[in-house]
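Architecture and fold: a report
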Amino acid sequence: MIKILFLFISLTVLAAAPAAGLDLEQLGKGKFNLGIDAQTLYTMGGRKTADQFSLKQLRLAFEGKHPGFLDLGYRVQYEAARSTAASYGLTDGYVEASRRDAAPELLHLKFRLGQTRRPFSYESYALGDREIELVNRSKVVEGLVPGRDVKALAGRDVGGFLEAELAPGMREKFLVGTVGVFNGEGSGVNDKNKQKDLDLRLTARPRSWISFGGSYTNGRLGQPAQVRDRKGVEIALKYGPFH
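Re the overall build of the protein
Along the backbone of the protein there are three helices and 13 strands. Per-residue burial over the protein gives 37% buried out of 243 residues. Pairs at least 24 apart in sequence give 49% of the contacts found in the protein among residues at least 6 apart. Summed over all atoms, the accessible surface of the protein reaches about 14,400 Å², with 62% contributed by carbon and sulfur.

Re the pairing of strand E4 (residues 71–79)
A one-sided burial pattern is seen for E4, the buried positions being Asp71, Gly73, Arg75, Gln77 and Glu79 and the unburied ones Leu72, Tyr74, Val76 and Tyr78. Here strand E3 (residues 52–66) pairs with E4 via eight bridges, running antiparallel. What sits directly across from Leu60, in E4, is Tyr78. Adjacent in sequence and paired antiparallel, E3 and E4 are bridged by four residues.

As for the side chain of Glu185
With respect to the helices and strands, the residue Glu185 is situated in the loop between strand E8 (175–182) and strand E9 (197–207). For the buried Glu185, which has no salt bridge, the nearest side chain bearing the opposite charge is Lys192, at an N-O separation of 4.7 Å. From its side chain, Glu185 meets the backbone nitrogen of Gly222 in a polar contact 3.0 Å long. If near-sequence neighbours (up to four positions away) are discounted, Glu185 is found in contact with Val150, Asp157, Asn190, Asp191, Lys192, Asn193, Arg220, Leu221 and Gly222.

Some thoughts on the pattern of salt bridges
Per the stated rule, a full pass over the model turns up 14 salt bridges. A salt bridge links Arg118 to Asp157, with the nearest nitrogen and oxygen atoms 3.1 Å apart. Placement of the pair is Arg118 in the loop between strand E6 (107–117) and helix H2 (122–126) and Asp157 in strand E7 (residues 156–166), with a sequence separation of 39 residues. Comparing Arg118 with Asp157 shows no difference in burial state: the two are buried.

Concerning the confidence of the model for the protein
Low pLDDT marks regions whose predicted coordinates should not be analysed in detail. On average, residues of the protein score 81 in pLDDT, and 81% of them are at 70 or above. Here strand E1 (residues 2–16) is the element of the protein with the lowest mean pLDDT, 46, and E8 is the one with the highest, 96. Here residues 5–24 is modelled with pLDDT under 50, and outside its nearest four sequence neighbours on either side it reaches 50 contacts, counting other chains as well.

What to know about unusual backbone geometry
Following Gln223, the chain continues to Pro224 via a peptide bond in cis, the omega torsion being 5°. As for its placement among the helices and strands, Pro224 is situated in the loop between strand E11 (220–221) and strand E12 (226–227). Positive phi, close to 75°, is recorded for Ser121, a residue that is not glycine. Along the chain, Ser121 turns up in the loop between E6 and H2. For Lys173, which is not glycine, the phi dihedral falls at a positive 55°. Within the fold, Lys173 resides in the loop between E7 and E8.

Cut-offs applied
- Residues numbered from 1 in each chain as written.
- Predicted model: local features only at pLDDT ≥ 70, side-chain atom pairs only at ≥ 80, totals over all residues.
- Heavy atoms only, no water.
- Helix = DSSP H or I, 4+ residues; strand = E, 2+ residues; numbered from the N terminus.
- Buried < 20%, exposed > 50% of the residue type's maximum accessible area, 1.4 Å probe, protein only.
- Contact = heavy atoms within 4.5 Å.
- Areas by Shrake-Rupley, 256 points an atom, 1.4 Å probe, with all protein chains shown as cover.
- Pairing = 2+ DSSP bridges.
- Lys, Arg positive; Asp, Glu negative; His and termini not counted.
- Salt bridge = Lys/Arg side-chain N within 4 Å of Asp/Glu carboxyl O.
- Polar contact = N/O pair within 3.5 Å; in protein donor to acceptor, adjacent residues only side chain to side chain.
- pLDDT = per-residue confidence, 0-100.

Put into structure tokens, the structure is as follows:
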């Protein structure tokens, strides 16, 4: 049996979003995005199976950001494709608050709460679906990264995290530290034990073309609780005309 993924569609609409609670000066600065991501799959059958088309992914997203003393953001993304039982339903549903000048030109802070990606590994957390070179992420990431190892929706889990970015001299993401607390059961699932999962991630970017770091998770899964601790290291190189 041969499977061919042959189509990827991405559509984004950008518009101004009037939002309650913003003054007239801030009203026009609010933005929201409407997005559609679709992947279709063609499977060439064998002697006993028929050729067929299937919809591997169809994600509808709505997100917005409104500037102010705290930049307030939100995102809701829904997976409409029924390729597998685990891939159907709400993927993202969170609110966040960030402050870019917590210390002028030096410290940026972000707090996010809801269902979101867990801050573990560059490929799973920091690299968006539209940015990966191949259709799927690596088997190591899909099989071991918290949130993905339980076949949850694209590594999502319910919880929150605080992220601090050190940017001396406007050097973006020079040093980034993230601390998160999650249920540990995957997307849309209540915690089944008394212990929350703790995620830690620290990355450094000494030059614009290289970054490296590590991630750690201390967690428990299911009931009776099974130990699920994870450690990971990462390095990313972005150099030349194709990054």
